[in-house]
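Coordinate inspection notes
The primary structure of each chain is shown beneath.
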Amino acid sequence: MPDDTDLLLRRILTDVLGLKPGQADAFDAGTGLFGHLPELDSMAVAGLLTELEDRLDIVIDDDEIEGEMLETYGGLRSFVEAKRAA
């Protein structure tokens, strides 16, 4: 069963990227994001990071942003979970 962070992250991705309703529900840990979803281009990354900070009450420092973090849904979820736990 998805937890609070998982549900919020799926909702944020849907809202920010304009995904079809339910599209993010099918994401698993290995689902490719950056470079795989045409909606998540370099311009959308800034908006996504800002929305993550606002909705999840976290701060993402520039030096924390790595390609691996945005490569897969699992990578992004792990990053967000770690930030929320800190």
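Quick caveat, the model's predicted, so the values are computed rather than measured. (Residues numbered from 1 in each chain as written. Predicted model: local features only at pLDDT ≥ 70, side-chain atom pairs only at ≥ 80, totals over all residues. Heavy atoms only, no water.)

Topic: the overall build of the chain
Keep this limit in mind: Only DSSP runs of H or I with at least four residues qualify as helices, and only runs of E with at least two residues qualify as strands; both kinds are numbered from the N terminus onward. The globule rule used here is 2.2 Å times the number of residues to the 0.38 power, and the radius of gyration it is set against is calculated over C-alpha atoms. To sort residues, take the accessible area from a 1.4 Å probe on protein chains only and compare it with the maximum for the residue type: under 20% means buried, over 50% means exposed, and anything in between is partly exposed. What makes two residues a contact is simply this: any of their non-hydrogen atoms within 4.5 Å. Accessible surface is estimated by sampling points in the Shrake-Rupley manner with a 1.4 Å probe; for residues, cover comes only from the protein chains shown.
Helices and strands together make up the secondary structure of the chain, namely 4 helices and 0 strands. Secondary structure elements in the chain, listed N-terminal to C-terminal, are α-α-α-α. Here the C-alpha atoms of the chain give a radius of gyration of 12 Å, agreeing with the 12 Å that 2.2 N^0.38 yields for 86 residues. Over its C-alpha atoms, taken along the principal directions, the chain stretches across nearly 30 × 30 × 20 Å. By residue count, 37% of the 86 residues in the chain fall in the buried class. In the chain, the proportion of contacts linking residues at least 24 apart, taken out of those at least 6 apart, comes to 62%. Accessible area of the chain: about 5100 Å², with a carbon and sulfur share of 51%.

Re the pattern of salt bridges
Threshold: By salt bridge we mean one thing: a side-chain nitrogen of Lys or Arg within 4 Å of a carboxyl oxygen of Asp or Glu.
If you walk through the whole model with that rule in mind, you get 7 salt bridges. Between R84 and D4 there is a salt bridge, and its shortest N-O distance comes to 3.4 Å. Taken together, the positions of R84 in helix 4 (residues 73-85) and D4 in helix 1 (residues 4-17) put the pair 80 residues apart, joining distant regions of the chain. For R55, the salt bridge is made with E51, and the minimal N-O distance between the two is 2.8 Å. In this pair, R55 and E51 both sit in helix 2 (residues 42-56), 4 residues apart, roughly one turn of the helix. In the salt-bridge network here, residues are joined through shared partners; they are D6, R10, R77 and E81.

What to know about the UniProt feature "domain: Carrier" (unreviewed entry) in the chain
The following threshold applies: UniProt positions are given in the numbering used here, feature names are shortened, and annotations may be inferred rather than shown by experiment.
When the UniProt feature table is mapped onto this chain numbering, "domain: Carrier" (unreviewed entry) sits at residues 3-84. The span residues 3-84 is 56% helix and 0% strand, and its two end C-alpha atoms sit 13 Å from each other.

Some remarks on a negative patch on the surface
So the rule is basically this: The patches described consist of residues with a relative accessible area above 30% and no salt bridge, like charges being joined within 9 Å and nonpolar side chains (Val, Leu, Ile, Met, Phe, Trp, Tyr) within 5 Å. When charges are tallied, Lys and Arg are placed among the positive residues and Asp and Glu among the negative ones, while His and the ends of the chain are skipped. Think of each charge as sitting on NZ of Lys, CZ of Arg, CG of Asp or CD of Glu.
A contiguous patch of negative charge, built from D61, D62, D63, E66, E68 and E71, is present on the exposed surface. Here D61 lies in the loop between helix 2 and helix 3 (67-71). We classify D61 as partly exposed; its relative accessible area is 39%.

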